[in-house]
Number of protein chains: 2
Amino acid sequence: MTTGEALKKTKRQLHDSGFKLTPQREATLLVLLENEKDHLSAEEIFFFVKQKSPEIGLATVYRTLEILSDLKIVDKVSFDDGVSRYDLRKDGAKHFHHHLLCLECGNIEEIDEDLLGNVEEIVEKRFHFAVKDHRLTFHGICQQCQRKHQES
Amino acid sequence: MTTGEALKKTKRQLHDSGFKLTPQREATLLVLLENEKDHLSAEEIFFFVKQKSPEIGLATVYRTLEILSDLKIVDKVSFDDGVSRYDLRKDGAKHFHHHLLCLECGNIEEIDEDLLGNVEEIVEKRFHFAVKDHRLTFHGICQQCQRKHQES
DNA sequence: GTAATTGCAAATTCTTTGCACGGTC
DNA sequence: GACCGTGCAAAGAATTTGCAATTAC
């Protein structure tokens, strides 16, 4: 799906839920689409959106992100560092992707592979818990930082 | 391991790292041990500690939790709700336990079972990422809340 | 036209920091 | 008596809210 298509689709979702399509919301969506691989905080999103729509306020970005979160268009995630980050949902992906958080450089990488297989079924059966979604993050050292160690 | 033993062991860890064993720190540890199954926020911990040591300040609780976190005695975890929670590490547990977060009542349950099996190895090999720890949380509906739906 | 949306500033919430005082070896 | 740890209050950071002005439909 191209950025244009994704944008159009999300616009329709917004519209269908009774929200107006303001330039501010479109700019925010564009920033999210253009930085799909990153895990931007609200401040960071604000910074990028400001370059497209300099008059925008931070509160509007927060409000837009809340709507997108409610509509399940983005996922609000936290990596235990006290800041909320916003992660665009992969369209059509069965599962929320996983993350690799490097404890040294702080970089967050996404992996799309489904590592959980039938684990959700096990949880459903054994704990009588109706699974809707999951969050899986590995903490460790990324390849780049491992190399730095070998050099020294 | 009994509470007493766990307390003694943690005391030694603190001591070995050059920290003093103040009554405030001991009270905080006790609260964590007595509520091992919960996922208390700093405020909640403060509330309980205050019942043991009414003169304690919230800042001290935060400072104690930071030390315990640095010493890997507790894990700081966030469930995407904007509050940090503190989770006592199971002594001797190979893996950080997993969580079941109910989207309706907000309750968080712990599960100790190792659901990830060889997944860490896969991540190591396929992504050249040296895994140190992980966080796995399932979002869904707990048994109690499921029952409420059936009744209505 | 009118109800939703916005920007701004103020308010809240969570957490950290500065500093003078108190306790310990 | 140097030093670590504490309580308190103030500062800081992240997020939310109130409100008058503006805008999309």
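Residues numbered from 1 in each chain as written. Chains lettered and ligands numbered in written order. Predicted model: local features only at pLDDT ≥ 70, side-chain atom pairs only at ≥ 80, totals over all residues. Heavy atoms only, no water.

- The name that an unreviewed UniProt entry assigns to chain A is Ferric uptake regulation protein, with the source organism given as Tetragenococcus muriaticus 3MR10-3.
- Listed under Sequence similarities (unreviewed entry) in UniProt, the entry text for chain A is "Belongs to the Fur family." (UniProt positions renumbered as here; feature names shortened; annotations may be inferred.)

1. Digging into the packing of aromatic side chains
Two measures describe an aromatic ring pair: the distance that separates the ring centres and the angle between the ring planes.
Consideration 1: What the rule picks out here adds up to 2 aromatic pairs over all chains.
Consideration 2: With 5.6 Å between their ring centres and 70° between their planes, phenylalanine 47 of chain A and phenylalanine 48 of chain A make a pair best called edge-to-face. (Phe/Tyr/Trp six-rings, centres within 6.5 Å; stacked < 30°, edge-to-face > 60°.)

2. A closer look at the UniProt feature "binding site: Fe cation" (unreviewed entry) in chain A
Residues and elements named next belong to chain A.
Consideration 1: As recorded in UniProt, the sites labelled "binding site: Fe cation" (unreviewed entry) are His134.
Consideration 2: Among the structural elements, histidine 134 can be located in strand S6 (residues 130–141).
Consideration 3: Within the local environment of histidine 134, its side chain forms a polar contact with the side chain of glutamate 120, the two groups lying 2.6 Å apart. (Helix = DSSP H or I, 4+ residues; strand = E, 2+ residues; numbered from the N terminus. Polar contact = N/O pair within 3.5 Å; in protein donor to acceptor, adjacent residues only side chain to side chain.)

3. Here we look at the nonpolar core
Consideration 1: By size, the foremost hydrophobic cluster in this structure holds 30 residues, and its most contacted members are Val123 and Phe138 of chain A together with Val123 and Phe138 of chain B.
Consideration 2: Going through the elements one at a time, strand S4 (98–102), helix H5 (119–127) and S6 of chain A together with strand S4 (98–102), helix H5 (119–127) and strand S6 (130–141) of chain B are the ones with two or more residues in this core. (Core = buried A, V, L, I, M, F, W, Y, C linked by side-chain atoms within 4.5 Å. Buried < 20%, exposed > 50% of the residue type's maximum accessible area, 1.4 Å probe, protein only.)

4. Digging into the sheet that holds strand S1 (residues 40–41) of chain B
Residue and element names in this part refer to chain B.
Consideration 1: The 3 strands are arranged S1-S3-S2 in an open sheet whose pairing can be described as antiparallel. Edge positions in the sheet fall to S1 and strand S2 (74–78), since each has one partner strand and no second.
Consideration 2: Bridge count for S2 against strand S3 (residues 84–88) is 5 bridges, and the pairing is antiparallel. Among the inter-strand pairings, valine 74 is bridged to a residue of S3, identified as leucine 88.
Consideration 3: The strands touched by helix H4 (residues 58–70) are S2 and S3; relative to S2, the strand with the most contacts, the crossing angle is about 110°. (Pairing = 2+ DSSP bridges. Contact = heavy atoms within 4.5 Å. Axes fitted to C-alpha atoms, helices over the stretch in contact; angles between N-to-C directions.)

5. Description of the interface of chain A and chain B
Consideration 1: Across the contact, 35 residues belong to chain A and 35 residues belong to chain B.
Consideration 2: Carbon and sulfur atoms supply 65% of the area buried between chain A and chain B, which totals about 3,200 Å² over both sides.
Consideration 3: Taken together, chain A and chain B are joined by 4 salt bridges.
Consideration 4: Between arginine 135 of chain A and aspartate 80 of chain B there is a salt bridge; the shortest N-O distance is 2.9 Å.
Consideration 5: One can count 17 residue pairs in polar contact (both at pLDDT 80 or more) joining chain A with chain B.
Consideration 6: Counting only elements with at least two residues in the side of chain A that touches chain B, the list comes to strand S2 (74–78), S4, H5, S6 and helix H6 (143–151) of chain A.
Consideration 7: Per element, the largest residue contribution to the side of chain A that touches chain B is 12 residues, and it comes from S6 of chain A.
Consideration 8: Of the residues assigned to the side of chain A that touches chain B, the class counts are 19 nonpolar, 8 polar and 8 charged.
Consideration 9: Bridge count between S6 of chain A and S6 of chain B: 11 bridges; the pairing is antiparallel. In the sheet register, arginine 135 of chain A faces S6 of chain B, and the bridge partner there is threonine 137 of chain B. (Buried area = accessible area lost by both parts, 1.4 Å probe. Salt bridge = Lys/Arg side-chain N within 4 Å of Asp/Glu carboxyl O. Nonpolar A, V, L, I, M, F, W, Y, C, P; charged D, E, K, R; others polar.)

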